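# Chains, contacts and geometry: an overview
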Amino acid sequence: MNNFTRRDFVKAAAISTAAISTFNILGAQTAGGINTSKIKVGLIGCGGRGKGAAAQFLQACKILGIDVEIVAVADAFPDRVQGALNQFKLDASKGHAGYEAYRKVTESDAEFVIMATPPNFRPQHLEACVEAGQHCFVEKPVAVDPVGARKVIALGELAKAKGLTIVAGTQRRYEANYQMTKAKIDAGAIGEIVGGVISWNGQVPWISSRKDGQSDAHYLTRNWLNFTELSGDHIVEQHVHQLDVANWYIGRTPVSFNGMGGRARRETGNQFDFFSVDIDYGDGVHIHSQCRQIAGCYNRVGESFRGSEGQITGTKVKGKDVSVPTIKLAASGMIQEHVELIKSARGSGTPLNCAQAVAEATLCAIGGRISAYTGQLVRWVDMVSNQNSPFYAMQLTPNPIDFERGTVVMPVEAPSTPGKEIKFRDR
Ligand SMILES: NC(=O)c1ccc[n+]([C@@H]2O[C@H](COP(=O)([O-])OP(=O)(O)OC[C@H]3O[C@@H](n4cnc5c(N)ncnc54)[C@H](O)[C@@H]3O)[C@@H](O)[C@H]2O)c1
């Protein structure tokens, strides 16, 4: 299908519940309910994960027996674009560089778009893709502040109305062992979840120190992993995975976040080194969230939960014997997520829209971060509905528009000071 007819189809999907099967009629062939006409895919963000996700998308197409072509790749920097062109043996005309280059992907005839830039850009890029009628793979996290996360939830609703699929890179949801654990929880294996500990303790993955002649925008984008305005801090960028599992297993979002943290050794940027957050899910359920990026310390990445009648450590369930069907998936999570994306978009399987779930996991991390940075209790409603809260309208700058317009002002390269507005009496 060319771009024009595909977008016509997407428009039709908004007004017809029968549209998904209509797509099969429009498509060249069908196999097992899947439209197997050639897929065109685009990529925004050609770094490690972007190229990795694109390669995994190609593998998913192979599993499904569908031809695929990468039609456009975009990145802020020409060297990253070249890396993707080289890896996928693409013609130079398919590569686009610059902060506006994502528009070349949304204007292309890509049916699917993979988004893997730093997360501060995700709401802007997702909006452009949904407006263009493209099915989306969004890497986690999907925002760095409450305004961005709410925008992603709203875009998820718009995508639903347009019949578009959105799958997120919270890949544990596409791992058979996690799915089996969830099925056992739902079948009552550990009773009600009453508490748990989730952690991502490791080290700073990398830094990109400032080079001579680098503009503020260039430096920030290269060293994005160490600036809250671009990454959300590591509680958002990495630990979002465990927060997503907690929301998924418990089956609801938290009530409040009481966090603390600090910075001991980080060399660049303005983030904390460690966070410890008491997450209150209501009804007496508390999850301790712990994350640290300090080399040479004890490392642990994972989730454990205590239930009223058992416990879960990792994906090992100790509790009542429950019978749940064995789940076997075609591939590991980071490929399976693309298999499910394509099956959903091509009219076979359950239509998927993960925007809300990934935005909620992102908001949990943002809530923990705001609490630790400010030293205040942050309630869920303060981020999603209470417009009187100072956290509701929180939007970090520089924002994506600043990068596009060249109005980036360098944030302070120092961490926040919790409770700094509180003055003590001098005795
Ligand atoms: N699901 C997972 O397990 C997993 C693993 C690693 C990374 N990630 C996520 O993937 C995303 C990318 O991470 P990465 O490790 O590939 O980082 P990276 O730095 O290797 O790649 C990011 C790329 O985005 C480009 N970019 C920055 N701003 C841009 C813009 N406005 N427009 C276009 N391109 C832009 C950068 O130049 C860079 O090439 C992050 O959100 C990260 O959290 C997910």
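Residues numbered from 1 in each chain as written. Predicted model: local features only at pLDDT ≥ 70, side-chain atom pairs only at ≥ 80, totals over all residues.

## Some points on the site of the ligand
- Taken together, 27 residues sit near the ligand, with Gly45, Gly47, Arg49, Arg80 and Glu139 positioned nearest.
- Ranked by residues supplied to the shell around the ligand, first place goes to helix 3 (residues 48-64) with 3 residues.
- A class-by-class count of the residues in the shell around the ligand yields 13 nonpolar, 8 polar and 6 charged.
- When we break the shell around the ligand down by domain, the ones giving at least three residues each are domain 1 (3-172 + 333-356) and domain 2 (177-329 + 360-405). (Near = placed C-beta within 6 Å. Helix = DSSP H or I, 4+ residues; strand = E, 2+ residues; numbered from the N terminus. Nonpolar A, V, L, I, M, F, W, Y, C, P; charged D, E, K, R; others polar. Domains from an automatic or database assignment.)

## Describing the environment of Lys40
- Among the secondary structure elements, Lys40 is positioned in strand 3 (residues 39-44).
- The class for Lys40 is buried, based on 22 C-beta atoms found within 10 Å.
- For Lys40 and Ser308, which are 268 residues apart along the polypeptide, the C-alpha to C-alpha distance reads 49 Å.
- Among residues more than four places away in sequence, those in contact with Lys40 are Glu69, Val71, Asp109, Ala110 and Glu111. (Buried ≥ 20, exposed ≤ 12 C-beta atoms within 10 Å, placed from the backbone. Contact = placed C-beta atoms within 7 Å.)

## Things to note about helix 6 (residues 122-131)
- By the burial criterion, the buried members of helix 6 are Arg122, Pro123, His125, Leu126, Cys129 and Val130. Taken down its axis, helix 6 places every buried residue within 165° of arc, on the same side.
- Turning to helix 6, the residues buried within the fold contact strand 3, helix 5 (102-106), strand 6 (112-115), strand 7 (135-138) and helix 7 (146-161).
- Directly beyond the C-terminal end of helix 6, a positive phi value near 80° is found at Gly133. (Arc of directions from axis to C-beta.)

## Let's talk about helix 14 (residues 355-374)
- Under the 1.5 Å per step criterion, the end-to-end length of helix 14 is 28 Å for 20 residues, consistent within 8% with the ideal 28 Å.
- A large share of helix 14 lies buried, amounting to 17 of its 20 residues.
- Once helix 14 finishes, Gly375 follows within two positions and takes phi at roughly 80°, a positive value. (Expected span 1.5 Å × (residues − 1).)

## A word on the domain arrangement of the protein
- According to the domain assignment, the protein consists of domain 1 (3-172 + 333-356) and domain 2 (177-329 + 360-405).
- Between the C-alpha centres of domain 1 and domain 2 there is a distance of 25 Å.
- Counting residues at the interface gives 22 residues for domain 1 and 33 residues for domain 2.
- A breakdown of the residues in the side of domain 1 that touches domain 2 according to their chemical character gives 12 nonpolar, 5 polar and 5 charged.

## Some words on the sheet that holds strand 10 (residues 256-262)
- The strand order across the open sheet formed by 8 strands is 15-14-13-9-12-11-10-16, and the pairing between neighbours is mixed. Only two strands of the sheet have a single partner each, and these edge strands are strand 15 (316-318) and strand 16 (378-379).
- In this structure, strand 10 lies alongside strand 16, joined through 2 bridges in antiparallel fashion. By the bridge assignment, Phe257 is partnered in strand 16 with Val378.
- The sheet contacts of helix 12 (residues 240-250) involve strand 9 (193-202), strand 12 (286-293) and strand 13 (300-307), and relative to strand 9 the element is tilted by about 165°. (Pairing = 2+ DSSP bridges. Axes fitted to C-alpha atoms, helices over the stretch in contact; angles between N-to-C directions.)

## Thoughts on unusual backbone geometry
- Here Lys140 and Pro141 are connected by a cis peptide whose omega angle stands at -25°.
- Following the sequence through the fold, Pro141 ends up in the loop between strand 7 and helix 7.
- Along the chain, Thr397 connects to Pro398 via a cis peptide bond; the corresponding omega equals 5°.
- Mapped onto the elements of the fold, Pro398 is located in the loop between helix 15 (380-384) and helix 16 (400-405).
- The phi torsion at Asp233 lies on the positive side, around 85°, for a residue other than glycine.

## Here's the deal with the packing of helix 6 against helix 7
- The interhelical angle for the contact between helix 6 and helix 7, taken along N-to-C directions, is 15°, at an axis separation of 9 Å. The angle between helix 6 and helix 7 places the two elements in the roughly parallel class. In this structure, helix 6 meets helix 7 at a crossing whose hand is left-handed. Counted together, Arg122, Pro123, Leu126, Glu127 and Val130 of helix 6 and Gly148, Lys151, Val152, Leu155, Leu158 and Ala159 of helix 7 form the full contact between these two elements. (Parallel < 35°, antiparallel > 145°, perpendicular 65-115°, else oblique. Left-handed = near helix turned anticlockwise from the far one by under 90°.)

## Quick look at the packing of helix 7 against helix 14
- At a closest axis distance of 8 Å, the pairing of helix 7 and helix 14 adopts a crossing angle of 170°. Put simply, helix 7 runs roughly antiparallel to helix 14. Contacts between helix 7 and helix 14 involve Pro146, Ala149, Val152, Ile153, Leu155, Gly156 and Ala159 on the former and, on the latter, Ala355, Gln356, Ala359, Thr362, Leu363 and Ile366.
- When the residues that make up the contact of helix 7 with helix 14 are grouped by side-chain class, the tally is 10 nonpolar, 3 polar and no charged.

## So, the pairing of strand 3
- Along strand 3, 6 of the 6 residues are buried, which leaves the element largely enclosed by surrounding structure.
- Every second residue of strand 3 is oriented toward a common face, with Ile39, Val41 and Leu43 on one face and Lys40, Gly42 and Ile44 on the other, all of them buried.
- Relative to strand 4 (residues 68-75), strand 3 is paired through 6 bridges, and the arrangement is parallel. Across the sheet, residue Gly42 finds its bridge partner in strand 4, namely Ala72.
- A crossover connection joins strand 3 to the parallel strand 4 through helix 3; in handedness this β-α-β unit is right-handed.
- Bridging between strand 3 and strand 6 involves 4 bridges; their strand directions are parallel. Bridging from a neighbouring strand, Ile44 pairs with Met115 of strand 6. (Right-handed = clockwise from strand over helix to strand, strands pointing away.)

## Some details on the sheet that holds strand 3
- Judged by pairing direction, the sheet is parallel, and its 6 strands sit side by side in the order 5-4-3-6-7-8 without closing on themselves. Every interior strand has two partners, whereas the edge strands, strand 5 (95-97) and strand 8 (166-168), have only one. The mean angle between the axes of side-by-side strands here comes to 15°, regardless of whether they run parallel or antiparallel.

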